Structure formats: structure tokens, C-alpha cells
Amino acid sequence: MNKRLLSAIAIIIAFLAVAFIVTSKPNTQEKKSTYVPTVGILQLVTHPALDQIHHGIIEGLQSQGYSGKKIKIDYQNAQADQSNLKTMSQKFANENADLTIGIATPAALSLAKTADGNNPVILAGITDPAGSGLVKTTQHPGNNVTGVSGDSPLQQHLDVVQQVVPKAKTLGIIYTTSDHGGEYNAKNMEKLAKKSGYTVKMYTISTTNDMQQVAETMASQVDVVYAPQDNGVASAMKTLINVTNQEKVPVIPAVETMVKDGGVATISVSQYDMGYQAGVMAGQVLKGKSTANYPVKTITKGEMTVNLKQAKLLGINLPASMVKEAETKGEVFK
Amino acid sequence: MSMIVSSIGQGLLWAVLGVALFLTFRILNFPDMTVEGSFPLGASTAVTMIAHGIDPFIATIAAFLVGTVAGLITGLLYTKGKIPVLLSGILVMTATLSINLRIMGSANISLLNQKSIFSIKILQHLPKYFDSVFLGLFIIAIITAGLIFFLQTELGQAFIATGDNPNMAQSIGIQTDRMTIMGLMLSNGLIAFGGAVIAQSNGYADINMGIGIIVIALASIIIGEVVFGELTLNERLVAVIIGSILYRLVLLAVLRLGFSTNDINLISAIVLAVAMILPQLRHALNLDKIIKKGITPHD
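Residues numbered from 1 in each chain as written. Chains lettered and ligands numbered in written order. Predicted model: local features only at pLDDT ≥ 70, side-chain atom pairs only at ≥ 80, totals over all residues. Heavy atoms only, no water.

Enquirer: Whenever I open this one, the overall build of chain A confuses me. Can you help?
Expert: Along the backbone of chain A there are 13 helices and 13 strands. Working note: accessible area of chain A is about 14,900 Å², and carbon and sulfur atoms make up 50% of it. Placing the 31 positive and 26 negative side-chain charges of chain A at their respective mean positions leaves the two points 5 Å apart. (Helix = DSSP H or I, 4+ residues; strand = E, 2+ residues; numbered from the N terminus. Areas by Shrake-Rupley, 256 points an atom, 1.4 Å probe, with all protein chains shown as cover. Lys, Arg positive; Asp, Glu negative; His and termini not counted. Charge placed at Lys NZ, Arg CZ, Asp CG, Glu CD.)

Enquirer: Would you explain the interface of chain A and chain B in this entry?
Expert: In many reports, interface size means the accessible area that the parts give up when they come together. Residue-level contacts link 47 residues of chain A with 51 residues of chain B. Approximately 4,300 Å² of surface area, both sides summed, lies buried where chain A meets chain B, with 63% of it carried by carbon and sulfur atoms. The interface formed by chain A and chain B holds zero salt bridges in total. Connecting chain A to chain B are nine residue pairs in polar contact (both at pLDDT 80 or more). (Contact = heavy atoms within 4.5 Å. Buried area = accessible area lost by both parts, 1.4 Å probe. Salt bridge = Lys/Arg side-chain N within 4 Å of Asp/Glu carboxyl O. Polar contact = N/O pair within 3.5 Å; in protein donor to acceptor, adjacent residues only side chain to side chain.)

Enquirer: Help me out: how do you make sense of the sheet that holds strand β6 (residues 170-176) of chain A in this one?
Expert: Residues and elements named next belong to chain A. Pairing within the open sheet is parallel, and its four strands lie in the order β7-β6-β8-β9. The sheet is open, and its two edges are formed by β7 (199-205) and β9 (251-253), each paired on a single side. Neighbour-to-neighbour, the strand axes of the sheet open up by a mean angle of 25°, direction not taken into account. Sheet analysis places strand β8 (residues 224-227) next to β9, joined by three bridges and oriented parallel. Of the residues in β9, the one forming a bridge with A227 is P253. Packing of helix α6 (residues 180-195) onto the sheet brings it into contact with β6, β7 and β8, and relative to β6 it is tilted by some 165°. (Pairing = 2+ DSSP bridges. Axes fitted to C-alpha atoms, helices over the stretch in contact; angles between N-to-C directions.)

Enquirer: Sorry if this is basic, but what is going on with the nonpolar core here?
Expert: It is characteristic of soluble globular proteins that their nonpolar side chains tend to be buried jointly. In this structure, A:I57, A:I101 and A:L134 are the most contacted members of the largest nonpolar core, which totals 140 residues. No other element matches the 15 residues that helix α1 (residues 2-27) of chain B contributes to this core. When neighbours within four sequence positions are excluded, A:I101 is seen to be in contact with A:V39, A:G40, A:I41, A:L42, A:I57, A:L111, A:I122, A:A124 and A:A282. Core analysis: the second largest hydrophobic core is formed by 52 residues, A:A227, A:I252, A:A265 and A:V323 among them. (Core = buried A, V, L, I, M, F, W, Y, C linked by side-chain atoms within 4.5 Å. Buried < 20%, exposed > 50% of the residue type's maximum accessible area, 1.4 Å probe, protein only.)

Enquirer: Would you take a moment to explain the packing of helix α5 (residues 154-164) of chain A against α6(A) for this structure?
Expert: To describe two helices that pack against each other, one gives the angle between their axes and the distance between the axes. Residues and elements named next belong to chain A. Viewed as axis vectors pointing N to C, α5 and α6 meet at an angle of 60°, and their least axial separation amounts to 10 Å. One element, α5, and the other, α6, form an angle in the oblique class. Of the two elements, α5 crosses α6, and the hand of that crossing is right-handed. On α6, the residues that touch L154, Q155, H157 and L158 of α5 are N185, N188, M189, L192 and A193. (Parallel < 35°, antiparallel > 145°, perpendicular 65-115°, else oblique. Left-handed = near helix turned anticlockwise from the far one by under 90°.)

Enquirer: Honestly, the pairing of strand β12 (residues 303-307) of chain A in this entry has me stumped. Any pointers?
Expert: Within a regular strand, side chains alternate between the sheet's two faces. Residue and element names in this part refer to chain A. Here β12 lies mainly inside the structure; four of its five residues are buried. Taken together, the four bridges between strand β10 (residues 265-268) and β12 define a ladder with antiparallel strand orientation. Residue pairing in the sheet places S268 in a bridge with E303 of β12.

Enquirer: Is there a simple way to explain the sheet that holds strand β13 (residues 331-333) of chain A in this structure?
Expert: Residues and elements named next belong to chain A. Read across the sheet, three strands follow the order β10-β12-β13 without closing on themselves; strand pairing throughout is mixed. Sheet topology places β10 and β13 at the edges, where each strand pairs with a single neighbour. Pairwise comparison of adjacent strand axes, ignoring direction, gives a mean angle of 15° for this sheet. Here β12 runs beside β13; their pairing, made up of three bridges, is parallel. Residue pairing in the sheet places V306 in a bridge with V332 of β13. On top of the sheet, helix α13 (residues 320-328) reaches β10, β12 and β13; it is set at about 110° to β12, its chief contact.

Enquirer: Help me out: how do you make sense of the packing of aromatic side chains in this one?
Expert: Scanning the entire structure with this criterion turns up seven aromatic pairs over all chains. When the ring of A:Y272 is compared with that of A:Y276, the centres are 6.1 Å apart and the planes differ by 35°; the resulting orientation is tilted. Of this pair, A:Y272 and A:Y276 both sit in helix α11 (residues 271-286), four residues apart, which is roughly one turn of that helix. Among the residues examined, A:Y272 registers a relative accessible area of 23% and is labelled partly exposed. On the basis of an interplanar angle of 55° and a centroid distance of 6.1 Å, the ring pair of B:F130 and B:F134 is categorised as tilted. Residue B:F130 and its partner B:F134 are both found in helix α6 (residues 130-152); the two are separated by four residues, about one turn of the helix. Using a relative accessible area of 40% as the deciding quantity, one classes B:F134 as partly exposed. Clustering of aromatic rings is evident, with ring pairs tying together A:F20, B:F130 and B:F134. (Phe/Tyr/Trp six-rings, centres within 6.5 Å; stacked < 30°, edge-to-face > 60°.)

Structure (C-alpha cells):
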């Protein structure tokens, strides 16, 4: 047999044998008195919303006194390649990270799996933590995982729909099939809207490339469109708006960046706030608070954002109270 | 040290993909894109079954069977439908996205607090990360031994002949279409099996987990070939496994050197490109002869 191949195998086996013996021994490392906690932050992909969460986390930790030399933060971004998540989670475990923070569901799942019930894991920006199996219930997580959920304020969004287009009867909802959060929000909105008496029509895209055609079909069939918090739809927002503008159909999105891209108005939860709260929770847990009874925080308080240019284009007169609210607290795009 | 153990464990698990792709990429000589679909197909099948309370071993075997169906469809499109192989694979890969969504019912299913093939008792008593090493070694050893045995049989030889020269193979009475379909079924079955194992190691199945899989599988084949040079067919299969481990170690080194993780795709592409160029370079510079002269004693 090839000598190089044999020696490679021999080296690997020898290494494993040594590692097996070494790591079998109990770990006797002691914590020093000037102990600096290590926190691992794992993000799924670079994306404006997720980056804001990351930014918020850092400042949330700072607010708890964890900044500069008082904390060691290891930030990893898998850039959507899920095979990296495992390696990165294990890197944290190997650094003996005291706590890990996951941004987006696959990242959080990977961390939770690696922690295996031991070290605390804080969630940031996970839409449905109980449905994803990360926590038992949001009130009593029951294990080593808790955090902040980014549940969309759907009822408030429906109120915005009613205020912007009071005469609308048919509501179209568009989401990406491969986005767990988008699907979850879309289906919940469907229930809410049906209760309020709307005829609801659901539309899905599997990639942003499908947007043009699906939007064309949708725009001819509905009075108003709801676009949930969904990465796919957010990316293809411009395409959606091009189509709906031709049919004069208003779009009510879930996030303020989507209003900027041509949505009419929304009440949006700040991603930064979500990250900030996660950072605060992480700080509390580092100080000794137990995760098992630390309820998952759901941020629902949002701020009004309106796009006046878009409203004018569609011939919509936005209620004065709404514009005023956006001017004082939220954001107005002109 | 335990990071290296973890990388070896991951390398052994991912080696299933390398060995499976070897059947189509190297023996049949064509790039099969189906794998980017059959990998998450296996993962979603197994994870969904486990989440419904079915035994993880049965679920993993079921993933293999579902994967062979994906391979069968690509094979039929290619041989009977006369669609170019690259396109057949892409068609099936695209279709599986919808199928996977149907199977899972959502984009992501977690396995936290569920049994998996990693929950066997013996594995629980091992030091950190040795569960993947042992289970990975066990799985890849069985698969490789099985393939080595298969390739020595009459059927296996006919399969190899089909890849080497389809015209000649046909002239001596080998039904090349059947051989191609069989190869695609076997390869995609193994890929789906690998998907099932890796999903259980990761703790979840995700609709997007197939993206970039073909690069990982190719990396283990190419690194194995470049590092170990001329090998017999059986040795090449073993080299793929070592190649898979080496690829994980390279990734680990890149992470350790403090490179931004934003660059990791670029870096792995460069590693692969260099690995693929190296043989030409060595040939062009005549290094082969020089090295041989240097290490062989005068006769």
C-alpha cells in the first residue's frame, strides 16, 4: 500500500490515541481570581437586520458592565454555510466559553446542540423558540437556553392595514417557503386577518427569482399586500413594489427597512433593541441568573414608520394621527 | 487538541459524501449536481421520522432509500430522457427543495432532546468529541469496505468499465444505461445517508443545508488525490477519507489563524484551486522526476 497514505493513517490514529488518553483525564484547570468571562456570538449570515442585532448585543453587554477587558467576545459568522456552524460552535466549546449567543435559528440550534444542556445559550432574533424546540415554553424555558424572541407585532400590523386602506377586502400575504420565520408570521397573520373579516390569499416564493411572477399574479387578485418579516421577501422588496405600484396595490410590510424600499407604513420592532435585550440577558446570566426560569422576552413594542412618497404615489391619504406618531417617535420617508 | 479531535470526527462523517461522490465524479466521470438536493433530502427524511418517534437507525436507513430514488430520477432523465447530466442533476436538485419542504412541513426541524444515532450508550462514555470519531469511523469503514467489495464483483467491474469507456463497455455486452442509473442511485443514496448522519450530529435539519455540499465532497476527493499521488482504486477510496479529514483541518487552521469568517468560502475555493493546479505545475516544472531521483537509491 502507498506509504504516504499509510503514514497519514498512522499519524491520525496515533494522535487520536494520545488525545483519547489526555482528554479522558478530568479537567483540573482552575478559574483565576481576575476571571474574564468568554462569550461566543454565532451569527448565521451577514444581513442588515442580523448585523443590527449583533450591534445591540455588544451594547447590551456593555450596559451590564461587560466591556473592554472585562469580557472576551469571540464573534463568528457562518456566512450562510451551515457546515461551518458546527465547527464554530465547537470552537466556542473548546475555548470554554461561559456563554454563547446565537443570532438566527440555525445558529442557535447549533449552539444549543453543542452546549448539550450545560453552558447557557442566549437566543437573539429567533422567531419561534418554542416551535423550534429550543425552549420548553417561553415562560419557563426549563433548560440552559433562553433569550429574546423577535415576534412580529402582527395585530398592530393589521391595524395599520385597516388604517391605510379601510376599504380593502382581500388581503394578500407573500412569504418565502424556506424562511421559517416568514412562514410562521405569514400563517399567524392569515388567522388574525380571517378573524377580522378579510378574505386572505397566500402566495409563496421559493427564491427571490420567483418574485416578479408571483407578485404579478398577486397584484391582480388582492386589494392590499402584507409582507411579513421574511428574509426572501425583504431582499426582493424592490421587485415586489415595482409590480404592485403598477396595479396601485399598497404593501404593508413588517419591518421599517421594507417601508423604506416602498412599503406604505408599518409598526416595526427595532432589531437593535432585540439585540440589546439579549445582551442584557446575557449579562444577567453571566452574573449568575439561572436560564431555566428566565422567561424568553418578546419585544413587541414598535415604532411607526411611514413612507409619504409612496402613499402619494398610490393616492392614499394617511390618517393625520399616524403621520404625527411617525414624526414624533418613528421615522418618515419622503 | 480537542478541536483537532472534533475536526477529525467531522472529517470522518463528511467523508461519506466524498466517497459517495467518488462513484459518479471519478468512476462514471460526470459531475452530479443531484447531491445538493439528496443531501438535505436525507437529512429532512431522517429528522422528520425521528421527530415522529421512529427509531433513529430505521430513519437513517430510510434516508438512504429516499436518496436512491432521487438518484434514480436523475439517472432516468439522463439515460432515457437524453437530458445532459449536469442539467438532469440540477432539475432533481431544484425539485427536492419543494419535496423537502413537504416532508418537513417547515424550513427547519430541531432534534434537541430527541434520540439520534449518537445517543447509543457506548458513545456517551467517551471523552468529548470522540462520539463522532468512533461512529464516523464505524460508518465510513463499513461503507468503504462495502464499496471495495462491490467494485471487485462482476457487476462492479462492469460499472467501472462503463465509466472508463462506454462504447467499449457496450460492445462487450454491458448495459451502460443500467450501470449509470445504478451508480447514481448508489451515490445519491449514500449522500442522503450522509445528510441523515450529519443532521443528527448537528442537531437539526434545515432546508438550506445542501448549499455548497458538492464543494465539500469534491474537496475531499481532490485533496486526497493531490496529497497521496498515484494510488490503486481501493487506496483512492481511503485517500478520499483522509482528504476529508485534511479539509476539515485546513478549515480549522483558517479559523484559528484568525481569518475573518467572511473569507472562509474564498479561502476554501483557493485551497481547492491550488490543489487542482498543483499536479499540472509539478508536471510542468518536471518536479516529479527530480523528486523521484532525490528519494530513490541508485540502482
